[in-house]
Amino acid sequence: METTLEATAPTSIAESVINLERQYLLQNYARYPLVLKRGRGCWLYDANGKRYLDLISGIGVNALGHAHPRITRVIREQASLLVHSSNLYYHEYQGALAKKLAEVSGLQRAFFCNSGTESMEGAIKMIHSHGRRVREDKFEIVSLENSFHGRSIGALSVTGQPKYRKDFEPLMPGVHFVPMHDEAALEAAVTNRTAGIIVETIQGEGGIYPVAESWLRKARELADRFDALLVFDEIQCGIGRPGTHFAYQLHVPAVLPDVVTMAKPISCGLPLGAILMNERAAASIAPGMHGTTFGGGALTCRVALEFFEILDELLPQMRRVSAYFFDGLHKLRAKHSFIREIRGQGLMIGMELEFPCGHLVQEAMSEGLLINVTHGNVVRMLPPYILTEKEADRALVGLGRILRRAKPAA
Ligand SMILES: Cc1ncc(COP(=O)(O)O)c(C=O)c1O
């Protein structure tokens, strides 16, 4: 049957933008009716000039907010020199960025790609290749229930939420899911056939659940005992977001994985992902076994280097503002008994309510706040790292207002 794709006559810029998308884009997103025009710092402005405090940063991407002067300058300068040259040749910035990542992560080598999903695909290939070098039937992967790792077939296969997987089955075989913090289930799932254990160190899309240190240590011990690679997905929770460079560094001594995947904030809005690995994991990939056309271009890597310079100075301020924001959220919880829990680390924040609260996103928008709701009843906030106490106050006042009106959706 043919579908009619007729747009209604637009009455504003926003409407014409929305109509055009409805007519020509794959209808896979349920977007909010907000057309954004520009941003500065933690603030975004829509097509009508209304401003919003950005507490979601493009889902954890815009670490330095919008139009950061140092990032804008570097983009402008590098765009006029060299944007992309492929991985056939060298440029100045990949090696320098890999060195910086090695220094801050404790892992030795890097591979650059374009997104979180792509970094997970690479990590899964490393797991398979590592297992195959040990024995033919060592390809199984143990992953966590409620995790999210991306939308490609490999990343979906290790994502512990059936709602994302069900339409695309059969997926990659040999994946076992265990509940978070169930050490007995983990012990039972990891065998000689296990080639990798994958852990989203703080589950983001699943509702902001940090994985406990004892569980991470158990995963490390089992990976060592059964010669499997331990992979931490820090795509959402890493690179400064928890107030440290990586979430696994929140524990002392750090529970060091063999492989870390990352993306979102690393190039401040430009598409860059990375896999960091130790020498043991790196040995699983020989020349020709993996690659990408775009990954690690001069522009994205140079911006990431600039970002890391700023991040080193920013982390103490972030930790201070985080403590301030969490304190304010706990005060809101004391006023509203339907707030079940406040969870998170650094500027990765979840506020779980007793009832579904998807409707709060639009209410927050009318208050001039951009938030997100995940898992039906968890308000998720991933503000830019440059958030100030004053902006946190503005967020708390707006949240206070929408919570006073909050009622379970009918
Ligand atoms: C923990 C985690 N892993 C993987 C991904 C997929 O990353 P991307 O959307 O950049 O492909 C995401 C994205 O939200 C994520 O939060």
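About the criteria used
- Residues numbered from 1 in each chain as written.
- Predicted model: local features only at pLDDT ≥ 70, side-chain atom pairs only at ≥ 80, totals over all residues.
- Pairing = 2+ DSSP bridges.
- Helix = DSSP H or I, 4+ residues; strand = E, 2+ residues; numbered from the N terminus.
- Expected span 1.5 Å × (residues − 1).
- Buried ≥ 20, exposed ≤ 12 C-beta atoms within 10 Å, placed from the backbone.
- Arc of directions from axis to C-beta.
- Contact = placed C-beta atoms within 7 Å.
- Near = placed C-beta within 6 Å.
- Nonpolar A, V, L, I, M, F, W, Y, C, P; charged D, E, K, R; others polar.
- Domains from an automatic or database assignment.
- pLDDT = per-residue confidence, 0-100.
- Axes fitted to C-alpha atoms, helices over the stretch in contact; angles between N-to-C directions.

Let us now look at the pairing of strand E13 (residues 339-345). Where E13 lies against strand E14 (residues 348-353), 6 bridges are found, and the strand directions are antiparallel. Within E14, the position partnered with Arg-343 by the bridge is Gly-350. Joining the antiparallel neighbours E13 and E14 is a turn of 2 residues, in which Gly-346 adopts a positive phi near 60°.

Now for helix H9 (residues 213-225). When the terminal C-alpha atoms of H9 are compared, their 18 Å separation across 13 residues agrees well with the 18 Å that a helix rising 1.5 Å per residue should span. All of the buried residues in H9 are Leu-216, Ala-219, Leu-222 and Ala-223. Down the axis of H9, the buried set is contained in an arc of 125°. They therefore lie on one face. Turned more than 90 degrees away from the buried face of H9 sit Ser-214, Asp-224 and Arg-225, all of them exposed. Looking at the packing, one finds that the buried side of H9 touches helix H8 (183-189), strand E7 (194-200) and strand E10 (229-233). Just past H9, the residue Asp-227 takes up positive phi, approximately 50°.

Moving on: the site of the ligand. In the region of the ligand, 15 residues are neighbours, and Gly-116, Thr-117, Gly-150, Ile-235 and Gln-236 sit closest. In terms of residues, the shell around the ligand owes the most to one element, helix H5 (residues 116-134), which gives 3 residues. When the residues that make up the shell around the ligand are grouped by side-chain class, the tally is 5 nonpolar, 7 polar and 3 charged.

Let us now look at the domain arrangement of the protein. Once the domains are mapped, the protein shows domain 1 (13-67 + 316-405) and domain 2 (71-310). Residue-level contacts link 24 residues of domain 1 with 24 residues of domain 2. Listed by contribution, the elements that provide at least two residues to the side of domain 1 that touches domain 2 are helix H2 (57-60), helix H11 (298-335), E13, E14 and strand E17 (378-381). A per-element tally of the side of domain 1 that touches domain 2 places E14 first, with 4 residues.

Here we come to the confidence of the model for the protein. Scored by pLDDT, the protein has a mean of 95; 96% of the residues are at 70 or more. Throughout residues 1-7 the model reports pLDDT below 50, and contacts reaching past four residues in sequence, or to other chains, amount to 5 contacts.

Sheet architecture is open: 7 strands sit in the order E4-E12-E11-E10-E7-E5-E6, paired in mixed fashion. Strands with a single pairing partner mark the edges of an open sheet, and in this sheet they are strand E4 (109-113) and strand E6 (175-178). Each strand axis lies, on average, 20° off the axis of its neighbour in the sheet, ignoring direction. Of the strand pairs in this sheet, strand E11 (residues 259-262) and strand E12 (residues 273-277) are connected by 4 bridges, and their pairing is antiparallel. From the neighbouring strand, Thr-261 faces E12, where its bridge partner is Ile-275. Sheet contacts for H5: E4, strand E5 (140-144), E7, E10, E11 and E12; angle to E12, the most-contacted strand, approximately 30°.

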